[in-house]
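Observations on the model geometry
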Amino acid sequence: MLCSRHHLHKIPRLLSRNISDSELYEKLSKTPKPQDESPKKKKTSINTLGPCLDLIKQYDYEHYLCVCLAPLGTRRGLTALRAFNVELSKSAITPYSSASDKEVNKLKLMWWRGVVEDVYQNKPTHQSPVALELAAAIRTHSLNKGFLLKLIEARLNPVTYNSLHDVERNSENTHSTLNFLTMEVLGYKSVDTDHAASHLGRCEGHISLIRSIPLLASRGACLIPNTTLAKTGVSQSDIVRGKNRDKIRDVVHDIASSAYVHAEHCDKLIVGLPPRSMYGLLPLTPAKLFLKRLQKYDFDIFNDRTLVRPPSLSFVLMRDSLKVDMKTRVWRFQLTKDIIMKKSGRQ
């Protein structure tokens, strides 16, 4: 039996081996399997990371920059958390929401609660980019289920502030809890890192309240604590109409002072933390820049220039991230050196 023409190129290679004639005949007599001429269908994959990044970039640009500057292995998990937070913020139930909006937003928040529950029960994840990325982050970094549900619960009840203590309490349930999850993605679950993250969250909560004043005033609403308004002699109607600008500056100054105190506490706590955990505290940089800009324009929140994002924000954040990276490298080098010295000492 003559060998097939498909095997002619194999003859020199087969003859070079020390094999018997029967084995050679068997190999050459095999006919090749017919190849399927139809092109193979490529598996289609959903791009889930891109929509999440776009969502953060549109609604939370400062944290978008912080995510981009985080360590490479943690960026995807941080993106999922921030996108999840944006979705919850968009669906938050507020005192000025209409009855229909409250019902719709409640259904959305309950849906997100179901998404989180399904992930921890190993059920199929909903085919939503944010839900898929969140599920991947939970499985990869073993995120605390209680923290995720706490973020949802904080948006289910309308927020009203009687004092700045209520602002701190709400900030702890939202911004600080999100910072705790950020630390978990970075690989840190300790009291010290959570303490610093808590102060950062409270600072961010006060700043969010200040930034919301002009927007809420345009909608005829006001969330400034009643004790702060009474202290400065300002009414909610003055805030909504933009009257008594000098007294409104005093109101903003009180809230900004409380934010500054928490920023200072966070700065002091950073000194004793592992260098790599400082990536989770990068949002402190834009918070400080905003407070400085607010002071520059005499705490006039209705001045359009106060809310303008500083052009140097990305450069300052990059500088701070490079400092963190350098400290992390030095810390790892020193740790490796100590381990080698201990081993050599034992020998």
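Keep in mind it's a predicted model, so treat the numbers as computed, not measured.

Helices and strands together make up the secondary structure of the protein, namely 15 helices and zero strands. Here the protein holds 347 residues, and the buried ones make up 44% of them. Considering only intrachain contacts with a sequence separation of at least 6, the fraction spanning at least 24 residues in the protein is 68%. Carbon together with sulfur atoms contributes 54% to the accessible area of the protein, which is approximately 20100 Å² in total.

With that settled, the discussion passes to unusual backbone geometry. Positive phi is not limited to glycine here, since Asn122 has a value of about 60°. At Asp298, a residue that is not glycine, the phi angle is positive and equals roughly 60°. Position of Asp298 among the secondary structure elements: in the loop between α14 (284-296) and α15 (313-346). For Asp298, a relative accessible area of 43% corresponds to the partly exposed category.

Turning to its location among the elements, Glu184 is positioned in helix α9 (residues 164-186). Although Glu184 is buried, it makes no salt bridge; Lys189 carries the closest opposite charge, 4.6 Å away. Within the structure, the side chain of Glu184 is placed 3.0 Å from the backbone nitrogen of Asn144, a separation counted as a polar contact. Not counting residues up to four positions away in its chain, the partners in contact with Glu184 are His141, Ser142, Leu143, Asn144, Phe147 and Lys189.

Once the charged atoms of two side chains with opposite charge are near each other, the side chains can pair. If you walk through the whole model with that rule in mind, you get 14 salt bridges. Residue Asp254 pairs with Lys231 through a salt bridge whose shortest N-O separation is 3.7 Å. Taken as a pair, Asp254 in helix α13 (residues 245-270) and Lys231 in helix α11 (residues 226-232) lie far apart in primary sequence, 23 residues in all. On the basis of relative accessible area, Lys231 is assigned to the exposed category, the value being 65%. Among the ionic contacts, a cluster of salt bridges with common partners joins Arg245, Asp246, Arg249, Asp298 and Asp300.

Now for the packing of α13 against α14. The contact between α13 and α14 brings their axes to 11 Å, and the two run at 145°. In this structure, α13 meets α14 at a crossing whose hand is left-handed. Seen from α13, the contacting residues are Val252, Ala256, Ala259, Tyr260, Ala263, Cys266, Asp267 and Ile270; seen from α14, they are Leu284, Lys288, Leu291 and Leu294. Looking at the contact of α13 with α14, its residues break down into ten nonpolar, no polar and two charged.

With the rule as written, the count across this model stands at four aromatic pairs. An angle of 80° between the planes, with centres 4.8 Å apart, marks the rings of Trp111 and Trp112 as edge-to-face. Residue Trp111 is classed as partly exposed on the basis of its relative accessible area, which comes to 35%. Residue Trp112 is classed as buried on the basis of its relative accessible area, which comes to 5%. Look at Phe147 and Phe180: their rings are 5.5 Å apart centre to centre, the planes differ by 45°, and that puts the pair in the tilted class. With a gap of 33 residues between them, Phe147 in helix α8 (residues 145-156) and Phe180 in helix α9 connect regions that are remote in the sequence. As far as the burial class goes, Phe147 and Phe180 line up, both buried. An aromatic cluster is defined as three or more aromatic residues linked by ring pairs; in this entry it consists of Phe84, Trp111 and Trp112. Here Arg211 stacks its cationic end above the ring of Phe290, 4.5 Å away from the centre of that ring.

This part covers the environment of Asp246. With respect to the helices and strands, the residue Asp246 is situated in helix α13. Residues Asp246 and Asp298, 52 residues apart in the sequence, show an inter-C-alpha distance of 9.5 Å.

Looking now at the confidence of the model for the protein. Should pLDDT be low for a region, the predicted coordinates there are not to be read in detail. Mean pLDDT over the protein stands at 86; residues scoring 70 or higher make up 86%. Confidence drops under pLDDT 50 across residues 1-22; counting only partners more than four residues distant or on other chains, this segment forms 19 contacts. Across residues 27-45, where pLDDT falls below 50, the model places twelve contacts with residues more than four positions away in sequence or in other chains.

Analysis parameters
- For every chain, the first residue of its written sequence is number 1, and the numbers climb from 1 along that sequence.
- Whole-chain, interface and lining totals are the exception, using all residues; otherwise, since this is a predicted model, local features are given only for residues with pLDDT of at least 70 and side-chain atom pairs are given and counted only at 80 or more.
- Where side-chain values are given, they derive from all heavy atoms of the structure, hydrogens and water being excluded.
- Elements are defined by DSSP. Helices are runs of H or I of four residues or more, strands are runs of E of two residues or more, and each kind is numbered from the N terminus.
- A simple rule labels every residue: compare its accessible area, found with a 1.4 Å probe on the protein chains alone, to the largest value its type can have, and call it buried under 20%, exposed over 50%, or partly exposed in between.
- The contact definition used throughout considers only heavy atoms, calling two residues in contact when any of these lie within 4.5 Å.
- We get accessible surface area from the Shrake-Rupley algorithm with a probe of 1.4 Å; when it comes to residues, only the shown protein chains can shield them.
- By the counting scheme adopted, Arg and Lys are positive, Glu and Asp are negative, and His together with the chain ends is not counted.
- We define a salt bridge as a contact between a side-chain nitrogen of Lys or Arg and a carboxyl oxygen of Asp or Glu at a distance within 4 Å.
- N or O atoms within 3.5 Å of each other form a polar contact, as long as, within protein, one can give a hydrogen and the other can take it, and as long as residues adjacent in sequence are counted only when both atoms are side-chain atoms.
- Lines fitted to C-alpha atoms define the axes, with helix axes restricted to the stretch in contact, and inter-axis angles between N-to-C directions lie between 0 and 180 degrees.
- Each crossing is labelled by how the near helix is turned from the far one, with a counterclockwise turn of less than a right angle marking it left-handed and a clockwise turn marking it right-handed.
- Only Asp, Glu, Lys and Arg are considered charged in this grouping, and only Ala, Val, Leu, Ile, Met, Phe, Trp, Tyr, Cys and Pro are considered nonpolar; every other residue, Gly among them, is considered polar.
- Any two rings among Phe, Tyr and Trp, with Trp reduced to its six-membered ring, count as a pair given centres within 6.5 Å; such a pair is stacked if its planes are under 30 degrees apart, edge-to-face if over 60, and tilted if neither.
- Remark: a charge is flagged as sitting over a ring if the NZ atom of Lys or the CZ atom of Arg is within 6 Å of the ring centre and within 35 degrees of the ring normal.
- pLDDT measures how confident the predictor is about each residue, on a scale from 0 to 100.

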